[in-house]
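Examining the three-dimensional arrangement
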Amino acid sequence: MKATIAVSGKGGAGKTTISAIIMRELIGRSPQAVLGVDADPNACLAMTLGVNVEGSISDLREKARSQDPSNAGIDRLTSFEYGLEQVLTEAKGFDLVTMGHPEGRSCYCAANNLLRKYLDKLALQYSFVVMDNEAGMEHLSRRTTNDIDLLCIVADPGPIGEITVKRISDLVKTLETRVNKVGVIWNRAEDVTELDGIVNLGAVPFDEQLRQVSMQGKSVFEVDKDSPAISAVREILNQNLDLE
Ligand SMILES: Nc1ncnc2c1ncn2[C@@H]1O[C@H](COP(=O)(O)OP(=O)(O)O)[C@@H](O)[C@H]1O
Ligand SMILES: [Mg+2]
C-alpha cells in the first residue's frame, strides 16, 4: 500500500506532535522507511522526532539564487543535486526533509521546478509520506503535485478550533492538489465535536507523559507505546487507512 498523509491546523493545535506520532506508528508497517516532510516554516518536526537536520530546501534555494547566473548549466545543477542529498536526514525507520521558508515571488524558478520534481520523485520511493504543514495551507499545492490520501485537520475542542476546522476545510476545496479524504483529529479532547458537513477522524486525549517529554525537549519515541495519545493515533490510523 501507499499513502500520503498531510497534517494541518492552527499553530499550537498539535500538528507536529501528531505528525511525529503518525510517523512513529507507521514505521514497520511497510519494508521502506517512512518519509517525514516538515513543511512548516517554523520547523519543529526534527526535534519532535529526536534528530538533527543539516539544512532545509529553502537554504538550497537561497544558495542556488545567490550563485552567479552566468554559471548556469551543469555545475549549478550538480551542486544542487548534491545539496539535495544533504538535506535528507536518514534516521532509524524514517527519513526527514525540512522545507524551510516557502519560495517568494522573485525566486529562481528553475530551482523551484527542480525542487518540486525532486520532492515528488523522492516521495515515490516511500510507502508512507507524512507532511507537517504550516497553519495555512496556501502553499500545499506549490509544495507537491502528488495526491494526498488523508488530510488530518488537528484542532482543539471549542469555538476557536471549530472556526479553524471550517476555514481549513473550505481552503482544501480550493487546492489544486487532489485530496482523497479530509477529516478532523480533535486534540486534547476526550471526544469528537460533531460539525455540519465535517468528517471526524477521532479524538486524541490530553497525555501528561507526552507533555512532559515535549517540555524536556525529548522525542515522541520516549513516550510509552500504549500511552493515551499514542494509542488514540494508532486507532485513528487503523480506522482511516487501509494498512493491510
Ligand atoms: N494530546 C496532547 N497531550 C499533551 N500535550 C500535547 C498534546 N498535543 C500536543 N501537545 C503539546 O502541545 C504543544 C504544541 O504542540 P505542537 O505539536 O508543537 O503544535 P503545532 O505543531 O500545531 O504548533 C507541544 O508542547 C506538545 O507536546
Ligand atoms: Mg508545529
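Keep in mind that this is a model prediction, so the values were computed, not measured.

**Observations regarding the packing of aromatic side chains**
In total, this model carries one aromatic pair according to the counting rule given. Ring plane angle 10 degrees and centroid distance 5.9 Å describe the contact between F94 and F221, whose orientation is recorded as stacked. Taken together, the residues F94 in strand β4 (residues 94-98) and F221 in the loop between α8 (208-215) and α9 (228-240) connect sequence positions 127 residues apart. Residue F94 is classed as buried on the basis of its relative accessible area, which comes to 3%.

**So, the pairing of strand β8 (residues 200-204)**
Burial analysis of β8 places four of its five residues in the buried class, which makes it a mostly covered element. For strand β7 (residues 179-187) and β8, the ladder comprises four bridges, and the chain directions are parallel. Bridged to V184 within β8 is N200.

**A look at the site of ligand 1**
Around ligand 1, a shell composed of 17 residues is seen, among which G12, K15, T16, T17 and S214 lie nearest. In the model, an oxygen atom of ligand 1 is placed 2.9 Å from a nitrogen or oxygen of the G14 main chain. Within the contact set of ligand 1, an oxygen atom lies 2.8 Å away from a backbone nitrogen or oxygen of K15. Protein burial of ligand 1: of its 560 Å² of free accessible surface, 81% is covered by the chains. Most atoms of ligand 1, that is more than half of them, are within 2 Å of grid points of the largest pocket. Tallied by class, the residues present in the shell around ligand 1 amount to five nonpolar, seven polar and five charged.

**What to know about the nonpolar core**
I22, L26, C152, V204 and L241 are the most contacted members of the largest nonpolar core, which totals 37 residues. Setting aside residues up to four positions removed in sequence, L26 forms contacts with I5, V34, F128, V130, L237, L241 and L243. Of all hydrophobic cores here, the second largest spans 34 residues; its members include A39, L84, L119 and L122.

**Regarding the packing of helix α1 (residues 15-26) against α9**
One way to put it is that α1 packs onto α9 with a least axis distance of 10 Å and a crossing angle of 70 degrees. For the element pair α1 / α9, the angle class is roughly perpendicular. The two elements α1 and α9 meet at a crossing, and its hand is right-handed. Every residue of α9 that contacts α1 at I21, I22, R24, E25 and L26 is listed here: A229, I230, V233, R234 and L237. Tallied by class, residues from the contact of α1 with α9 come to seven nonpolar, no polar and three charged.

Calculation criteria
- Residues numbered from 1 in each chain as written.
- Chains lettered and ligands numbered in written order.
- Predicted model: local features only at pLDDT ≥ 70, side-chain atom pairs only at ≥ 80, totals over all residues.
- Heavy atoms only, no water.
- Phe/Tyr/Trp six-rings, centres within 6.5 Å; stacked < 30°, edge-to-face > 60°.
- Helix = DSSP H or I, 4+ residues; strand = E, 2+ residues; numbered from the N terminus.
- Buried < 20%, exposed > 50% of the residue type's maximum accessible area, 1.4 Å probe, protein only.
- Pairing = 2+ DSSP bridges.
- Near = heavy atom within 4 Å.
- Polar contact = N/O pair within 3.5 Å; in protein donor to acceptor, adjacent residues only side chain to side chain.
- Areas by Shrake-Rupley, 256 points an atom, 1.4 Å probe, with all protein chains shown as cover.
- 1 Å grid on protein atoms, 1.4 Å probe; cavity = no way out; pocket = protein on both sides within 12 Å on 5 of 7 lines; lining within 4 Å.
- Sits in = over half its atoms within 2 Å of the grid points.
- Nonpolar A, V, L, I, M, F, W, Y, C, P; charged D, E, K, R; others polar.
- Core = buried A, V, L, I, M, F, W, Y, C linked by side-chain atoms within 4.5 Å.
- Contact = heavy atoms within 4.5 Å.
- Axes fitted to C-alpha atoms, helices over the stretch in contact; angles between N-to-C directions.
- Parallel < 35°, antiparallel > 145°, perpendicular 65-115°, else oblique.
- Left-handed = near helix turned anticlockwise from the far one by under 90°.

As far as function goes, none of this settles anything; it's purely spatial.
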